Amino acid sequence: MLEKRNYYRLPWSMNDNPIAWLEVTDICNIHCEGCYRQYMTGHKSLEELKEEVLFFMKWRNPDNFSIAGGEPLIHPQIVDLVAFIAQQGVKPVILSNGVALTPELLHELKKAGLAGFTMHVDSHQNRPHWNDKNEKEHNQLRQEIADMVAAEGGLYLVFNSTVYPDTYHEIPDIVRWGHANIEKVQGLVFITYRTATTEDNIATDVNDQEVDMSKLSYTRESFHEHFVTAPEVYQIIKDNFPEYDAAGYLGGSIRHDSYKWLIGVMVGSKNNIYGSIGKKTMEFAQIGHHLQKGRYLAYMTSGKIGRKIFWMSHWDDTIRQARRNRRKDVVRHPARLFDDIFIQSVGIIQAPDIMPDGRADMCDSCPDITIYDGKFVNSCRMDEYRLFGGFVSMVEKDKVGTKSES
Ligand code: SF4
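Residues numbered from 1 in each chain as written. Predicted model: local features only at pLDDT ≥ 70, side-chain atom pairs only at ≥ 80, totals over all residues. Heavy atoms only, no water.

Draft legend 1. Highlighting the layout of surface pockets. Its volume calculated, the second largest pocket comes out at about 590 Å³. What lines the second largest pocket is a set of 26 residues, among which R194, F227, D353, I354 and M355 lie closest to the centre. Its residues placed into classes, the lining of the second largest pocket shows eleven nonpolar, eight polar and seven charged. (1 Å grid on protein atoms, 1.4 Å probe; cavity = no way out; pocket = protein on both sides within 12 Å on 5 of 7 lines; lining within 4 Å. Points joined across faces, edges and corners; volume = space filled by probe spheres on them. Nonpolar A, V, L, I, M, F, W, Y, C, P; charged D, E, K, R; others polar.)

Right under this line is the structure:
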């Protein structure tokens, strides 16, 4: 059972946040069911992107740029953009579906200063030849990508999966695969699927005028399956991997009991997972990084942390347990004393929830803020700005005239 006091509330904010979400294009080469973005404007120019990079550097204090889209790898100047971001002294990280990735492009990106990838792979992406395959079968695709990135070397790799009501039970298959690849994969992220429906709601814009919600890629005529929540994802991982625990979180912008971002970091070797870090280690990592670099931390440069992680046992009960588990393992298998120790993050993100009064419960201190028209906006709702000039408010059809602002 999750208790907020057991986890560290990440100290991120609008103006001091480790992540800058830079969208380079709204064109994509596949069509994921859970995507928030639709094609309207195409690739941004390199000049425009450089201006956005400098805007983030001035107002956001990022440690990494999440280069997103659409599909960033099909942007013709992606290598130049990566080089420009690296020149600013921060980490360029590409969020990709991997379709356009080749060893040659990978090499060019690495040479330009790329820090790593977050690869989005799940079974609802309408990928050619993968349509009827489940999450466990998609591990083969994850493996191909992980092997390619590992062959280049020196790049951080995280896999994202959107979690749907019908794939929720397959989460342990992905976590198990991640553990088996702890040397190559530094993190897994599960993002819970959300839509708004047009069946019971109407939407109004900032001028209180009704808008056509069906223009948004994340509305559906109807959807009656129960949406999966972050605590449910936490529980299914915990039930299958008792050594897992979360260490940090971000709550909701409206609801006091939401877990919008829940971050765990597991500790293990290629032979065994020993446990997780606790809230003290998460706090130490955030504050220590800020003291040293002046910025908070979202991506490490490597998952190979070594035995020094166990020094935190003096302050952190959770990691103390991991150290005990490792000692027992080494007594049983002495050769494992020389195993390298890695960390692997397990993140859970619960996308915005529409409240009964029409407002949306967003992520407190949204890490995925992007730039629209010279302002910061939550990237998951930017298409409301692009289509309707601002956030829309959802109102139940039978409550029109009583809505609150979103
Ligand atoms: S509010 Fe921000 S962090 Fe949360 S899902 Fe939307 S864009 Fe991502």
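Draft legend 2. Region of interest: the packing of helix α2 (residues 78-87) against helix α3 (residues 103-112). α3 packs onto α2 with a crossing angle of 25° between their chain directions and a minimal axis gap of 8 Å. Between α2 and α3, the angle is such that the two are roughly parallel. Crossing geometry of α2 relative to α3 is assigned as right-handed. Here α2 contributes I78, V79, V82, A83 and A86 to the contact with α3, which in turn contributes L105, E108, L109 and A112. Partitioning the contact of α2 with α3 into residue classes produces eight nonpolar, no polar and one charged. (Axes fitted to C-alpha atoms, helices over the stretch in contact; angles between N-to-C directions. Helix = DSSP H or I, 4+ residues; strand = E, 2+ residues; numbered from the N terminus. Parallel < 35°, antiparallel > 145°, perpendicular 65-115°, else oblique. Left-handed = near helix turned anticlockwise from the far one by under 90°. Contact = heavy atoms within 4.5 Å.)

Draft legend 3. Representation of helix α1 (residues 46-59) within the structure. With 14 residues, α1 ought to run about 20 Å at 1.5 Å a step, and its terminal C-alpha atoms sit 20 Å apart, in line with that. Buried within α1 we find L46, L49, E52, V53 and F56. The buried residues of α1 occupy an angular sector of 120° when projected down its axis, which confines them to one face. Residues of α1 that are exposed and point over 90 degrees away from its buried face: E47, E51 and K58. Looking one or two residues past α1, N61 carries a phi angle of roughly 55°, positive in sign. (Expected span 1.5 Å × (residues − 1). Buried < 20%, exposed > 50% of the residue type's maximum accessible area, 1.4 Å probe, protein only. Arc of directions from axis to C-beta.)

Draft legend 4. Spatial organisation of helix α6 (residues 230-240). Restricting attention to buried positions, one finds in α6 the residues A230, V233, Y234, I236 and I237. All buried residues of α6 fall inside an arc of 165° around its axis, so they share one side. In the core, the buried residues of α6 are packed alongside α5 (171-180), β7 (187-192), β12 (246-250), β13 (261-268) and β15 (342-350).

Draft legend 5. Here's a closer look at the nonpolar core. L81, F117, F159, F190 and I237 are the most contacted members of the largest nonpolar core, which has 66 residues in total. Contact partners of F190, with chain neighbours within four places excluded, come to S161, V163, I171, I174, V175, V233, I237, V346, G347, I348 and I349. (Core = buried A, V, L, I, M, F, W, Y, C linked by side-chain atoms within 4.5 Å.)

Draft legend 6. Layout of the packing of α1 against α2. For the pair α1 and α2, interaxial distance at closest approach is 11 Å and the crossing angle is 25°. With respect to each other, α1 and α2 are oriented roughly parallel. Seen along the crossing, α1 lies across α2 with a hand that is right-handed. Listed contacts from α2 to L46, L49, K50, V53 and L54 of α1 are D80, L81, F84 and I85.

Draft legend 7. Spatial organisation of unusual backbone geometry. The omega angle of the peptide bond from G69 to G70 is 20°, so this bond is cis rather than trans. For N61, which is not glycine, the phi torsion reads 55° and is therefore positive. Residue position: N61 is located in the loop between α1 and β3 (64-68). Given a relative accessible area of 25%, N61 falls into the partly exposed group.

Draft legend 8. Region of the structure containing the pairing of β3. The buried fraction of β3 amounts to five of the five residues, a majority that puts the element mostly inside the structure. Because side chains alternate across β3, one face comprises the buried residues N64, S66 and A68, and the other comprises F65 and I67, equally buried. Both strand β2 (residues 19-23) and β3 contribute to a ladder of five bridges, which runs parallel. If you follow A20 over to β3, its bridge partner there is F65. Tracing the backbone out of β2, into α1 and back to the parallel element β3 gives a crossover that is right-handed. (Pairing = 2+ DSSP bridges. Right-handed = clockwise from strand over helix to strand, strands pointing away.)

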